[in-house]
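Residue strings, one per chain:
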Amino acid sequence: MTTEPAGTPDEEGLRHRVRALLAAHDPAATDRLAFLRARFDAGLAWVHYPQGLGGLGARRSLQGVVDAELAAAGAPENDPRRIGIGLGMAAPTVLTFGTDEQKARFLRPLWTGEEVWCQLFSEPGAGSDLASLGTRAVRDGDDWVVTGQKVWTSNAHNARWAILIARTDPDLPKHRGITYFVCDMTDPGVEVRPLRQITGEAEFNEVFLTGVRIPDAHRLGAVGDGWRVAQTTLMNERVAIGGASIPREGGMIGTVAATWRERPELRTPDLHDRLLRLWVDSEVSRLTAERVRQQLAAGAPGPEGSGLKLAFARLNQQISGLEVELLGEDGLRYGDWTMTRPETVDFFGRDAGYRYLRAKGNSIEGGTSEILRNIVSERVLGLPSEPRTDKDAAWKDLPR
Ligand SMILES: Cc1cc2nc3c(=O)[nH]c(=O)nc-3n(C[C@H](O)[C@H](O)[C@H](O)COP(=O)(O)OP(=O)(O)OC[C@H]3O[C@@H](n4cnc5c(N)ncnc54)[C@H](O)[C@@H]3O)c2cc1C
């Protein structure tokens, strides 16, 4: 028996629509972008989104049915790794807080990957305490004039658009004087400078904003309500980072297990024991992600997503460390220190040294492990919260 609301397609309905899409746009004979646009227009991009915005209002859990059918037919995909910030963070925020015009303008090229997004949140001095940010946005007619500095901005060098939070009222307490915008990265006054990482590459950047004019039509949510809007982004970010759907041994544990199977001469009882423990932990984490996705299918992501992101970071660091140990001298060799400007984080196309070094950032990006533990203790376990003495003071009066 189906529990679909009237008018929304069930599993069979979606299979039927996939067949119709494939019949009208043979993947073997259709340009990649043309196929992706047609898929979006058919409501098969993210089936739980509303009609006209890439979806059909169907159950979110049915997306897997569509993805599997299209993959089996050899249809192109939109490379979610390259557009992870757009898909994981910008899209749910635009959907929840955007105007009809904003949704119509941004969501289609975001999903097809024609337009890459980045996230202008962190600042020097405003990372974990993000609400203390100092980038200013001052109203000037129909525009806002934005000046400040952002940091650690992944993919800013490829991005057309950014989600941006800025201070619009310094007289209010820090959480209340913030507004959320969409910033055009090609506008005058936006300067992107590479930051080289421990891996040698520069996947993220410093971004300097000097008198950047953002039209009020590119504000997301009400003036002063930016902290609430940002919570939607951050909750989704944690699930996007830690909650991907992967098959058993599909993550980093699979790479290490494969080395283990192929090279028996590298094994010791101690490494065997540690690999087994991490294998079990990975499986627990993978199945927990499935539960969090089901929770997400039923509504908004909860604070449990923070626990998942925490586990993902810990496991990635432990597994990549074990891999380096397992490979001995080979593991210490690092392939290439040339500074590159990658479009994606490539955990599986690179060597063990890269995985080991890149995994260090997992416990910082998207909220540090310490902060996520605070969130889990306060919002999942109900423990007392940290004292917040600056909660009611005007931002301009806070010590900096
Ligand atoms: C690879 C990578 C990619 C990133 N990409 C982006 C991006 O695209 N866009 C973006 O906006 N940001 C991005 N970031 C920034 C990231 O979100 C911040 O680095 C992070 O939130 C931590 O802030 P911070 O660096 O200012 O450290 P701080 O907040 O200064 O923290 C320093 C240390 O103190 C601890 N600490 C701070 N406050 C507390 C507390 N109350 N209780 C316990 N411990 C505490 C922290 O956990 C940490 O260990 C990225 C970071 C990395 C590493």
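(A) Spatial organisation of the overall build of the chain. Along the backbone of the chain there are 12 helices and 8 strands. What you see for the chain is a C-alpha radius of gyration of 22 Å, in line with the 21 Å of a compact globule of 400 residues. Each of the three principal axes of the chain carries a C-alpha extent, and together these read 70 × 55 × 45 Å. The buried share of the chain, taken over its 400 residues, is 48%. Taking the intrachain contacts of the chain between residues at least 6 apart in sequence as the baseline, contacts between residues at least 24 apart amount to 71%. For the chain, the accessible area works out to roughly 19,000 Å², and carbon and sulfur atoms hold 54% of it. Side chains of the chain carry 49 positive and 55 negative charges; the gap between the two charge centres is 2 Å.

(B) Main features of the packing of aromatic side chains. Summed over the entire model, instances satisfying the criterion amount to 9 aromatic pairs. With centroids separated by 5.0 Å and ring planes inclined at 75°, the aromatic side chains of Phe106 and Trp161 adopt a geometry described as edge-to-face. Here the residue Phe106 occupies a position in helix H5 (residues 100-112), and Trp161 occupies one in strand S4 (residues 161-167), the gap between them amounting to 55 residues. The pair Phe106 / Trp161 is uniform in exposure class, with both members buried. Taking 6.3 Å as the distance between ring centres and 35° as the angle between the ring planes, the aromatic pair formed by Trp117 and Trp161 counts as tilted. Of this pair, Trp117 sits in strand S1 (residues 117-120) while Trp161 sits in strand S4, and the two are 44 residues apart along the sequence.

(C) Structural view of the packing of helix H1 (residues 11-24) against helix H3 (residues 63-72). Packing of H1 against H3 brings their axes to within 10 Å, and their N-to-C directions diverge by 30°. Handedness of the H1/H3 crossing: right-handed. Between H1 and H3, the residues in contact are Glu11, Leu14, Arg15, Val18, Leu21 and Leu22 and Val65, Val66, Glu69 and Leu70, respectively. Within the contact of H1 with H3, the residues separate by chemical class into 7 nonpolar, no polar and 3 charged.

Calculation criteria
Residues numbered from 1 in each chain as written. Predicted model: local features only at pLDDT ≥ 70, side-chain atom pairs only at ≥ 80, totals over all residues. Heavy atoms only, no water. Helix = DSSP H or I, 4+ residues; strand = E, 2+ residues; numbered from the N terminus. Rg over C-alpha atoms; globule rule 2.2 N^0.38 Å. Buried < 20%, exposed > 50% of the residue type's maximum accessible area, 1.4 Å probe, protein only. Contact = heavy atoms within 4.5 Å. Areas by Shrake-Rupley, 256 points an atom, 1.4 Å probe, with all protein chains shown as cover. Lys, Arg positive; Asp, Glu negative; His and termini not counted. Charge placed at Lys NZ, Arg CZ, Asp CG, Glu CD. Phe/Tyr/Trp six-rings, centres within 6.5 Å; stacked < 30°, edge-to-face > 60°. Axes fitted to C-alpha atoms, helices over the stretch in contact; angles between N-to-C directions. Left-handed = near helix turned anticlockwise from the far one by under 90°. Nonpolar A, V, L, I, M, F, W, Y, C, P; charged D, E, K, R; others polar.

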